[in-house]
Amino acid sequence: MIDAVVYTVEGVERRDVDSVEAIEEAKATAGTTWVRVVSDDRAEFERVAESFGIHPLSVEDIHNGVRPKTEDYPNHAFVLARTARLRRGETTFDEEIRSESVGLFVGPDWLVTMEPAATDAVARVWRAVDGGDDRALQAGPDYVAYRALDRIVDDYFLLLDDVETTIEEIEEGVLDGPDPDVLEALNTVRRDLLSFRKILWPTREAVGVLSRGDVDEVRSSTEKYYRDVYDHLVELVDLTETYRDLARGARDIYQNTVAQSTNEVMKTLTVVATVLLPLTFVVGVYGMNFSGGPYAMPELGWRFGYPAVMLGMALITVILVVYFRENDWL
Amino acid sequence: MIDAVVYTVEGVERRDVDSVEAIEEAKATAGTTWVRVVSDDRAEFERVAESFGIHPLSVEDIHNGVRPKTEDYPNHAFVLARTARLRRGETTFDEEIRSESVGLFVGPDWLVTMEPAATDAVARVWRAVDGGDDRALQAGPDYVAYRALDRIVDDYFLLLDDVETTIEEIEEGVLDGPDPDVLEALNTVRRDLLSFRKILWPTREAVGVLSRGDVDEVRSSTEKYYRDVYDHLVELVDLTETYRDLARGARDIYQNTVAQSTNEVMKTLTVVATVLLPLTFVVGVYGMNFSGGPYAMPELGWRFGYPAVMLGMALITVILVVYFRENDWL
Amino acid sequence: MIDAVVYTVEGVERRDVDSVEAIEEAKATAGTTWVRVVSDDRAEFERVAESFGIHPLSVEDIHNGVRPKTEDYPNHAFVLARTARLRRGETTFDEEIRSESVGLFVGPDWLVTMEPAATDAVARVWRAVDGGDDRALQAGPDYVAYRALDRIVDDYFLLLDDVETTIEEIEEGVLDGPDPDVLEALNTVRRDLLSFRKILWPTREAVGVLSRGDVDEVRSSTEKYYRDVYDHLVELVDLTETYRDLARGARDIYQNTVAQSTNEVMKTLTVVATVLLPLTFVVGVYGMNFSGGPYAMPELGWRFGYPAVMLGMALITVILVVYFRENDWL
Amino acid sequence: MIDAVVYTVEGVERRDVDSVEAIEEAKATAGTTWVRVVSDDRAEFERVAESFGIHPLSVEDIHNGVRPKTEDYPNHAFVLARTARLRRGETTFDEEIRSESVGLFVGPDWLVTMEPAATDAVARVWRAVDGGDDRALQAGPDYVAYRALDRIVDDYFLLLDDVETTIEEIEEGVLDGPDPDVLEALNTVRRDLLSFRKILWPTREAVGVLSRGDVDEVRSSTEKYYRDVYDHLVELVDLTETYRDLARGARDIYQNTVAQSTNEVMKTLTVVATVLLPLTFVVGVYGMNFSGGPYAMPELGWRFGYPAVMLGMALITVILVVYFRENDWL
Amino acid sequence: MIDAVVYTVEGVERRDVDSVEAIEEAKATAGTTWVRVVSDDRAEFERVAESFGIHPLSVEDIHNGVRPKTEDYPNHAFVLARTARLRRGETTFDEEIRSESVGLFVGPDWLVTMEPAATDAVARVWRAVDGGDDRALQAGPDYVAYRALDRIVDDYFLLLDDVETTIEEIEEGVLDGPDPDVLEALNTVRRDLLSFRKILWPTREAVGVLSRGDVDEVRSSTEKYYRDVYDHLVELVDLTETYRDLARGARDIYQNTVAQSTNEVMKTLTVVATVLLPLTFVVGVYGMNFSGGPYAMPELGWRFGYPAVMLGMALITVILVVYFRENDWL
Ligand SMILES: [Mg+2]
Ligand SMILES: [Mg+2]
Ligand SMILES: [Mg+2]
Ligand SMILES: [Mg+2]
Ligand SMILES: [Mg+2]
Ligand SMILES: [Mg+2]
Ligand SMILES: [Mg+2]
Ligand SMILES: [Mg+2]
Ligand SMILES: [Mg+2]
Ligand SMILES: [Mg+2]
Ligand SMILES: [Mg+2]
Ligand SMILES: [Mg+2]
Ligand SMILES: [Mg+2]
Ligand SMILES: [Mg+2]
Ligand SMILES: [Mg+2]
Ligand SMILES: [Mg+2]
Ligand SMILES: [Mg+2]
Ligand SMILES: [Mg+2]
Ligand SMILES: [Mg+2]
Ligand SMILES: [Mg+2]
Ligand SMILES: [Mg+2]
Ligand SMILES: [Mg+2]
Ligand SMILES: [Mg+2]
Ligand SMILES: [Mg+2]
Ligand SMILES: [Mg+2]
Ligand SMILES: [Mg+2]
Ligand SMILES: [Mg+2]
Ligand SMILES: [Mg+2]
Ligand SMILES: [Mg+2]
Ligand SMILES: [Mg+2]
Ligand SMILES: [Mg+2]
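Residues numbered from 1 in each chain as written. Chains lettered and ligands numbered in written order. Predicted model: local features only at pLDDT ≥ 70, side-chain atom pairs only at ≥ 80, totals over all residues. Heavy atoms only, no water.

Caption draft 1: Summary view of the interface of chain A and chain B. Chain A puts 52 residues into the contact, and the matching count from chain B is 55 residues. Where chain A packs against chain B, one counts six salt bridges. Salt-bridge contacts for D252(A) lead to R190(B); the nearest nitrogen and oxygen are separated by 3.1 Å. Contributing elements (two or more residues each) for the side of chain A that touches chain B: helix 6 (141-176) and helix 8 (220-285) of chain A. In terms of residue class, the side of chain A that touches chain B is built from 24 nonpolar, 14 polar and 14 charged. (Contact = heavy atoms within 4.5 Å. Salt bridge = Lys/Arg side-chain N within 4 Å of Asp/Glu carboxyl O. Helix = DSSP H or I, 4+ residues; strand = E, 2+ residues; numbered from the N terminus. Nonpolar A, V, L, I, M, F, W, Y, C, P; charged D, E, K, R; others polar.)

Structure follows, in structure tokens:
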């Protein structure tokens, strides 16, 4: 799908861009020309690329979904960005973060965007421009590109909000006691943060380049907008690192909870055994069958032998229970 | 709430700034003009901003409470700071540190401060200026801005003092024995330090920019005051890292305490079982009912059979107890 | 084995290079001369090196297989690269990654490649040039060197794909329960990633040098190709770090699985002991042989003594089981 | 306490500096003037400071004991250093390292030193100058300041020697078996190293500034002395990091020792239980009271029943013991 | 011991250098003069130092064995290096790596080497020069210094080979089961790597300085030799880090092996107890002495009571064993 608009402060005009000539004509018209290409067919990208003097390696990068970056060419700036959203309910490896490439080519009076799959972020900006949004019409292609990047980065915050919610749930779950599901949830969060970092860090760098005045196609009046996106990206990097540390903290607590539970189980067992093994021994003694004269268990024949033994055992029990209580084992 | 003063070395004058014209007039008056806006209504910020040529993105940053930073504009410097205080008794996630935004715009002969919520730090400096504090009146808006930042940073030390007290308590608690509350306290401290770091690090950077002579609005005679705040921030970063490491050390000790307790519990159990299982076996033997002739348990009929068995068991017990003592199990 | 071709846009010509004179002649012919040396005999390298003004230390580096690097000499650039592939089924130390040295010397109109062992990557490019590949013939020796490096780096991705598969298997295995084989697999992956890092990091640096326009022998039109390889290498570094972290995560889960299993085993034991030790004690009591009058175990003679004791023990069992169930021990 | 000397190559002269005039006069005298102030009263510092054009913020820094640093003022260099010594026998938090501030102000022909508490390092240099030490008299105030810093840094080595001794003791103690005191000693060392790092790192930076030729008051002939102190500080940083790692290693060993001890205790228990539980069961069998005819425990009446059972049990014991020995459980 | 040679392309001449005059004369002779001092007496170093304008602080550094470094003086370059070799069979703290200082002073046409203890590396180069080695005679003092450094660094590889062998042994030992000796060996390796790092990292820096063309005394034709040594040092740093990580991996495996062993021991104990405690209870039941009428244990009188109970217990055993086998406990 190839769509195109030409816009000036006065208004917006849709263009059909079926042929190379139509693209050339749109480009030549006074005003800013935006050509938006959404296609999983690389050939379509390449056709548009040729009209605007875009290098085939850039198209390849968009198609292959490599790391975000900014490249400054003599007649345009190429920004490769990636959307990122969390896809819940997945269990396969490294697939939790859904991410799409977006290529932005910012010329002096034209903008080309390329999406292997249509993204919400670019679509929204398209609708704004197409609908005649004042702020967009007054500014050049660099401002429209900023709007798209701003939306992409705003979605990153939604992703981290989801991560925060998950970590909150994990922190609560962890204190409830050892549960292997919590452990798996922790590992998923950790993996998500790793995947997200791989998108976030190069994006910060790419937007930083645009905000520092080195790229001709970004006017100095637009720079502060890019700096604003850059600030958000720095904040996102901070948050990501913090969540990584929180995930590590939750893992520590989990490990301690298991260790502590084992400790308590062992105490219970030891108390039970320490109380009952002696008693069992005592009753074992009076179950022996000695019968060889006066020294052979005379207690068995005593009038108060049985009550005395029972009382003795009750006493042992009481003493041990008191002892264990005082030492915090019960 | 919008308050304004105009001050010179000679004295302080309060101004009503209800209208745009009143603001413009106050700004035009000879002397330093300080306009203080405290409001949770962004529109009020924007109204003042326009009079002073402040970019709407700066107002947005204050309102949204983004990371501290310094931005140098042609006609003023924008400093975004954050107060930080520890709010005890909270249990919800990431909410332990209470923090408020403070925006400071330092012009050549004017100062605008914006607070979404009134802060103690700015209020104190306001009272000093309003009350005719000599040092403040003699200096320009850069010095007054320094005073506000200095107070904000001084409060950071109070926060870390609280953290230190908590870690001290944890360190004592940890050695008392395994207690899950200690673990939770540790995690809270760790989370607090992470949150504080997110404020502290960018603040250090923001103040560093002001102390290096690159910002026109900071006079060279005021720079050394900013350098002093910067030194404090460097020290705070140091302290924060140290407390992080101490928290990690406390966690290590806690883990070891649990492991050691389990070790001791197991020793107790093993000692009890090792002493009593053999004895129980022995008395079990003499509880058997064999009766088929001379080889069927003749001991039962011996005159000193019973005393001998009891003595034998006492001997076994003594030997085992001595053995365990020598091996530090008891 | 020494092979040589001379090529121009018009075509390719094979050359015999048995003698020093033949090498000199091939070098002097108009067009690009590529001399490919594959030999485990250093002397053969040195012979060719002398003809092209290559320093003996460079030959030594290729032969000894030191770290990848780029060195810029007055009349040529020396790139030392390493192939890397995973060799499964090995158990000896540090030998899992099979890696070969490739030396590339890029002159103004000549290219010399040296391989101690024939590599697939150079062989493929050789076949392309020898077969008259259009893109290769139109470009200079810097482009052909790029093609070889590009293939080497593409193989790195295959290696990491294998590593990812192994980590996926480990992650699944880890959750099945404690199994020492999983632990050994984890350690192997970790070691592989360490060995690969030792190749990857310096390669990134070496290719970075070539892509920054400082090396005369790399034309500005070829630079963007080297930048593309560089991007891939940056991505590979990212992936390697991510896999290291995933391996660490898997180890954490493994440790927790073992700790949790021990916890559960202990609970089982404690439940069994807590139920049966009291019961065994009770039956022991009624196995005692007291017989000295009315207080000596009168229960033994009661009509419902036996059923009462049996019922009592059943009751104790039920209570304990209910208690343990409520506390999640069963 | 304020002391002052004026010295030249020819000799040393003591001065009374009770009044501001006396200070001014001492300063104006030909030769190098050293004013040493030792006082816990900040006012005394400030009085001297004013005479030498020292900024009040510098005095405040010395008084508050902030991080070591060098600040270059137009007419002098300000060096803030800290002594550090290990104070054994303390148990309160963060108090193990005793540290004092020393402020050094190096002018073109004067030196002012300020100590809130008298330090051994400055006292020794004072005695050397006062006693007419040749090397000191021939050089300027920069050399005397170096002498003081050199002594301070030499004492750091003594501190680390103590730390090393403690780690040695811990490493020996750790292998003796689990002992909570060792754990506490480890934590103390770790905390000491953290506190020391907070002094050491900024000191390295502060001395580095002095050794790089940027500070006017340090003559080029004195620079190599500062470089020597800098080398020592680099070495101290190295040592500190190494000791941190050794402390971590000792903690690892400790954890393993506890885990291993638990492992062995469990083995003992399991061996005891595995041997005795079956035997106790067997003797229990022959303690049953069946009596209903030919199938009711005929073994009890056999002539060799008892010896056979005893032999059988001995056999079981032997087999189990052999089995456990072969599996390294005994 | 002070030895001296003067050499040119034409030949080598030994010189006696007993007196200051003899040294001066040797230095003044046409050709390169190498004075080699081996002595544990600092005075001997200082005597030679004075003749060549070497600063006393440099001599002190060699004598005290501080960190390796390069210092560029107006008339010579000072390189302080350290040999390193592994001394097996030692158990005292921090003493496993044997290391000696070597000071190299490279002048325009002279070389002074100072060794507190004779080192193999310098001795070999001395023998080469003294024996008339062609390559040495043709080059200047910078090349001879390179030769000595090259040998020192080659020995570092031998040291790491030993470390690798030890780690291999540890990795094998670790999988055999928990053994405290393995733990101690691991700690030793870790400590060795830490000590070696303290030598290696500054050496890399020191040689890097020599290879970058900033030091006058190193001719541009010799630089590539220093670059070669530098490459080796970078590789050594890489290896050291890798071995540190391998040591950490081995520790992880060791910890897991102990945890897993404890897990298995517990399973054994639990299986034994779970099978035998119920059986012991059952036989206990039939050992009770109830005798009060028809409800008092009538089973005891049944004809098939005993075989039925025995069968029942066999059945319980079989069921439990099957159950445990299915759950992988046996
Ligand atoms: Mg992190
Ligand atoms: Mg972090
Ligand atoms: Mg960190
Ligand atoms: Mg990290
Ligand atoms: Mg971290
Ligand atoms: Mg951390
Ligand atoms: Mg840290
Ligand atoms: Mg730290
Ligand atoms: Mg950290
Ligand atoms: Mg740290
Ligand atoms: Mg650290
Ligand atoms: Mg640490
Ligand atoms: Mg990493
Ligand atoms: Mg990483
Ligand atoms: Mg990391
Ligand atoms: Mg990492
Ligand atoms: Mg990590
Ligand atoms: Mg460290
Ligand atoms: Mg370190
Ligand atoms: Mg560290
Ligand atoms: Mg370290
Ligand atoms: Mg480290
Ligand atoms: Mg370490
Ligand atoms: Mg760690
Ligand atoms: Mg490392
Ligand atoms: Mg590393
Ligand atoms: Mg490290
Ligand atoms: Mg490492
Ligand atoms: Mg690392
Ligand atoms: Mg690492
Ligand atoms: Mg690691």
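Caption draft 2: Representation of the pairing of strand 8 (residues 101-106) of chain A in the model. All names here are of chain A. Within strand 8, six of the six residues are buried, leaving the element largely enclosed by the surrounding structure. Residues S101, G103 and F105 point to one face of strand 8 and V102, L104 and V106 to the other, with burial holding for every one of them. Bridge analysis of strand 5 (residues 76-82) against strand 8 gives six bridges, and the strand direction is antiparallel. Of the residues in strand 8, the one forming a bridge with L80 is G103. Where strand 8 folds back on strand 9 (residues 110-115), the antiparallel hairpin that results is connected by three residues. (Buried < 20%, exposed > 50% of the residue type's maximum accessible area, 1.4 Å probe, protein only. Pairing = 2+ DSSP bridges.)

Caption draft 3: Just the sheet that holds strand 2 (residues 11-15) of chain C, in detail. Residues and elements named next belong to chain C. Here seven strands make up an open sheet; going across it, the order is 2-1-3-9-8-5-4 and the pairing mixed. Sheet topology places strand 2 and strand 4 (69-73) at the edges, where each strand pairs with a single neighbour. Adjacent strand axes in the sheet meet at a mean angle of 15 degrees when their direction is disregarded. Where strand 3 (residues 32-38) meets strand 9 (residues 110-115), six bridges bridge the pair, whose relative direction is parallel. Across the sheet, V38 pairs through a bridge with E115, a residue of strand 9. (Axes fitted to C-alpha atoms, helices over the stretch in contact; angles between N-to-C directions.)

Caption draft 4: Expanded view of the packing of aromatic side chains. Residues and elements named next belong to chain D. Going through the model one piece at a time under the given rule, you end up with 65 aromatic pairs over all chains. Arranged with centres 4.8 Å apart and planes meeting at 75 degrees, the rings of W34 and W126 form a pair that is edge-to-face. Of this pair, W34 sits in strand 3 (residues 32-38) while W126 sits in helix 4 (residues 120-130), and the two are 92 residues apart along the sequence. Judged by its relative accessible area of 2%, W34 falls in the buried class. (Phe/Tyr/Trp six-rings, centres within 6.5 Å; stacked < 30°, edge-to-face > 60°.)

Caption draft 5: A look at unusual backbone geometry. Even without being glycine, D328(A) reaches a positive phi, approximately 65 degrees. Assignment of secondary structure puts D328(A) in the segment after helix 9 (305-326). Note on D328(A): relative accessible area 63%, which makes it exposed. Although it is not a glycine, M297(D) sits at a positive phi angle of roughly 55 degrees. Along the polypeptide, M297(D) turns up in the loop between helix 8 (220-285) and helix 9 (305-326).

Caption draft 6: Fine view of the side chain of H76(A). Residues and elements named next belong to chain A. Of note, H76 is situated in strand 5. For H76, a relative accessible area of 0% translates into the label buried. A polar contact of 2.9 Å, which involves the side chain of H76, links it to the side chain of N75. In this structure H76 touches F52, G53, I54, E71, F105, V106, G107, W110 and E217, once residues within four positions along its chain are discounted. (Polar contact = N/O pair within 3.5 Å; in protein donor to acceptor, adjacent residues only side chain to side chain.)

Caption draft 7: How the structure looks around helix 7 (residues 180-211) of chain C. Counted at 1.5 Å a residue, the expected span for helix 7 of chain C with its 32 residues is 46 Å, and the 46 Å between its end C-alpha atoms agrees. Just downstream of helix 7 of chain C, G213(C) is the residue with a positive phi angle, here 80 degrees. (Expected span 1.5 Å × (residues − 1).)

Caption draft 8: A look at the sheet that holds strand 2 (residues 11-15) of chain D. All names here are of chain D. An order of 2-1-3-9-8-5-4 is seen for the seven strands of this open sheet, with the pairing classed as mixed. What marks the edges here is a single partner per strand, and that holds for strand 2 and strand 4 (69-73). Across the sheet, the mean angle from the axis of one strand to that of its neighbour is 15 degrees, orientation sign disregarded. Docked against the sheet, helix 6 (residues 141-176) engages strand 1 (2-8), strand 3, strand 5 (76-82), strand 8 (101-106) and strand 9 (110-115), running at close to 160 degrees with respect to strand 8.

Caption draft 9: Structural view of a negative patch on the surface. Residue and element names in this part refer to chain A. Judged by side-chain charge, E169, E172, D176, D179, D181 and E184 come together as a negatively charged surface patch. For the negative patch, the leading source of residues is helix 6, giving three residues. Summarising the element assignment, D181 is placed in helix 7 (residues 180-211). Assessed through its relative accessible area of 52%, D181 is described here as exposed. (Patch = residues over 30% accessible without salt bridge, like charges linked within 9 Å, V, L, I, M, F, W, Y side chains within 5 Å. Areas by Shrake-Rupley, 256 points an atom, 1.4 Å probe, with all protein chains shown as cover. Lys, Arg positive; Asp, Glu negative; His and termini not counted. Charge placed at Lys NZ, Arg CZ, Asp CG, Glu CD.)

Caption draft 10: Spotlight on the interface of chain A and chain C. Contact residues are listed per partner, giving 55 residues for chain A and 51 residues for chain C. Taking both partners together, chain A and chain C bury about 4,700 Å²; carbon and sulfur atoms supply 64% of that area. Joining chain A to chain C, the criterion identifies 16 residue pairs in polar contact (both at pLDDT 80 or more). Contributions of two or more residues to the side of chain A that touches chain C are made by helix 3 (56-64), strand 4 (69-73), helix 7, helix 8 and helix 9 of chain A. Here the side of chain A that touches chain C takes 18 residues from helix 8 of chain A, the largest share from any one element. Considered class by class, the residues forming the side of chain A that touches chain C number 29 nonpolar, 12 polar and 14 charged. (Buried area = accessible area lost by both parts, 1.4 Å probe.)

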